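# Survey of secondary and tertiary structure
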Amino acid sequence: MTTRTALITGASRGLGRALATALSDRGWRLVVDGRDPARLAEAAASLAGVTAVAGDVADPGHRAALAEAVGPRLDLLVNNASELGPSPLPALADLRADDFRHVLDVNVVAPLALVQAVLPALRAAGGTVVNISSDAAVEAYAGWGGYGASKAAFDQLTAVLAVENPTLRIYAVDPGDMATDMHQAAFPGEDISDRPAPETVVPSLLALLDGDLPSRRYRAADVVPAEVSR
Ligand SMILES: NC(=O)c1ccc[n+]([C@@H]2O[C@H](COP(=O)([O-])OP(=O)(O)OC[C@H]3O[C@@H](n4cnc5c(N)ncnc54)[C@H](OP(=O)(O)O)[C@@H]3O)[C@@H](O)[C@H]2O)c1
């Protein structure tokens, strides 16, 4: 079987790193990114078959470098890198326009542009897109308006992309709460150690990849590995 290739954004920490580790263990070839080159290099050093390209997904030149590193075929794109916005999370009454624009740029504009950049490679492989969403896209939590609006827009882009690209599987996935740096930034000073580790979400993502569920939005907790696998 030919080696499968995945592009995972934001794979130097948290959920992206946990998924990259699992796919590397399965023999996938990986292209990964993150803004901090040292942290990305440290993560990549622990994985086999990885091309690490440091940069910001909001930078068009960086996205072009990712597409170049992917090459002509791509089996999986995971748009995982994301921007929470200011910490502590401000009420919408206090959300600065520049901060909101940045959240939208990283969480909505950049992942769509990355899909566009690798679409020929995804089509060549009959590939899968997994866009990492959040429950903040569908629930009204105080302070989460900017980030939540970006994830709601991301969900809608995902749904329309799926309709427009029926030969691909295109999922939005809400991973649920995870004990990560982003979650800590959302709850500064609080003990978040009761939240699940990002590794606990990986079996659901792998089940989605291995199965043939239709393109749409899923909560990771609802994707039960034993029921999905072929
Ligand atoms: N944690 C939760 O409770 C939770 C809940 C619901 C949804 N989510 C979603 O799950 C996904 C993963 O979050 P996480 O909690 O694992 O986050 P995390 O631990 O903070 O990791 C974020 C990763 O993305 C990279 N990154 C951030 N901004 C980037 C940018 N502009 N360009 C390139 N890389 C960037 C980070 O590296 P650098 O900082 O070096 O760039 C890091 O590797 C996100 O889409 C998030 O919205 C998380």
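Residues numbered from 1 in each chain as written. Predicted model: local features only at pLDDT ≥ 70, side-chain atom pairs only at ≥ 80, totals over all residues. Heavy atoms only, no water.

## Brief notes about the layout of surface pockets
Reported here for the largest pocket is a volume of approximately 990 Å³. When contributions to the lining of the largest pocket are tallied by element, the ones reaching two or more residues are helix H1 (14-25), strand S2 (29-34), helix H4 (97-125), helix H5 (145-164) and helix H6 (181-186). The leading source of residues in the lining of the largest pocket is H6, at five residues. Its residues placed into classes, the lining of the largest pocket shows 16 nonpolar, 15 polar and 12 charged. (1 Å grid on protein atoms, 1.4 Å probe; cavity = no way out; pocket = protein on both sides within 12 Å on 5 of 7 lines; lining within 4 Å. Points joined across faces, edges and corners; volume = space filled by probe spheres on them. Helix = DSSP H or I, 4+ residues; strand = E, 2+ residues; numbered from the N terminus. Nonpolar A, V, L, I, M, F, W, Y, C, P; charged D, E, K, R; others polar.)

## Observations concerning the site of the ligand
Taken together, the neighbourhood of the ligand is formed by 31 residues, with Ser12, Arg13, Arg35, Tyr147 and Thr180 sitting nearest. Residue Arg35 places a side-chain N or O atom 2.7 Å away from an oxygen atom belonging to the ligand. One of the backbone N or O atoms of Asp36 is found 3.0 Å from an oxygen atom in the ligand. Burial of the ligand by the protein chains amounts to 96% of its free accessible area of 900 Å². When atom positions are compared with the pocket grids, the ligand is found to occupy the largest pocket. For the shell around the ligand, the secondary structure elements donating two or more residues are H1, S2, H5 and H6. Here the shell around the ligand gets three residues from one element, more than from any other, and that element is H6. Grouping the amino acids of the shell around the ligand by side-chain chemistry returns 10 nonpolar, 12 polar and nine charged. (Near = heavy atom within 4 Å. Polar contact = N/O pair within 3.5 Å; in protein donor to acceptor, adjacent residues only side chain to side chain. Areas by Shrake-Rupley, 256 points an atom, 1.4 Å probe, with all protein chains shown as cover. Sits in = over half its atoms within 2 Å of the grid points.)

## Remarks on empty space enclosed by the protein
Across all of its chains, the model carries five cavities of 30 Å³ or more by this definition. The space that makes up the largest cavity amounts to roughly 60 Å³. Taken together, Leu84, Gly85, Pro86, Leu89, Pro90, Leu92, Leu95, Val103, Gly143, Gly145, Gly146 and Tyr147 form the lining of the largest cavity. Ranked by residue count, the leading element in the lining of the largest cavity is H5, at three residues.

## Observations concerning H1
Along its 12 residues, H1 runs 17 Å from first to last C-alpha, staying within 8% of the 16 Å computed at 1.5 Å per residue. Buried residues belonging to H1 abut strand S1 (5-8), S2, strand S4 (76-79), strand S5 (128-132) and helix H7 (202-210). Immediately beyond the C-terminal end of H1, within one or two residues, lies Gly27, with a positive phi of roughly 90°. (Expected span 1.5 Å × (residues − 1). Contact = heavy atoms within 4.5 Å.)

## What to know about the environment of Leu15
By the element assignment, Leu15 lies in helix H1. In sequence terms Leu15 and Ala44 are 29 residues apart; their C-alpha atoms lie 14 Å from each other. In this structure Leu15 touches Asn80, Ile132, Pro175, Met178, Pro198, Val201 and Leu205, once residues within four positions along its chain are discounted.

## Focus: the sheet that holds S5
Spatial strand order, S3-S2-S1-S4-S5-S6-S7: seven strands in an open sheet with parallel pairing. Strands at the two margins of the open sheet, each flanked by one partner only, are strand S3 (50-54) and strand S7 (217-219). Going from strand to strand, the sheet's axes swing by 20° on average, the running direction of each strand aside. Taken together, the four bridges between S1 and S2 define a ladder with parallel strand orientation. Directly across from Ala6, in S2, lies its bridge partner Leu30. On the sheet, helix H3 (residues 60-70) packs against S1, S2 and S3 and is oriented at approximately 170° with respect to S2. (Pairing = 2+ DSSP bridges. Axes fitted to C-alpha atoms, helices over the stretch in contact; angles between N-to-C directions.)

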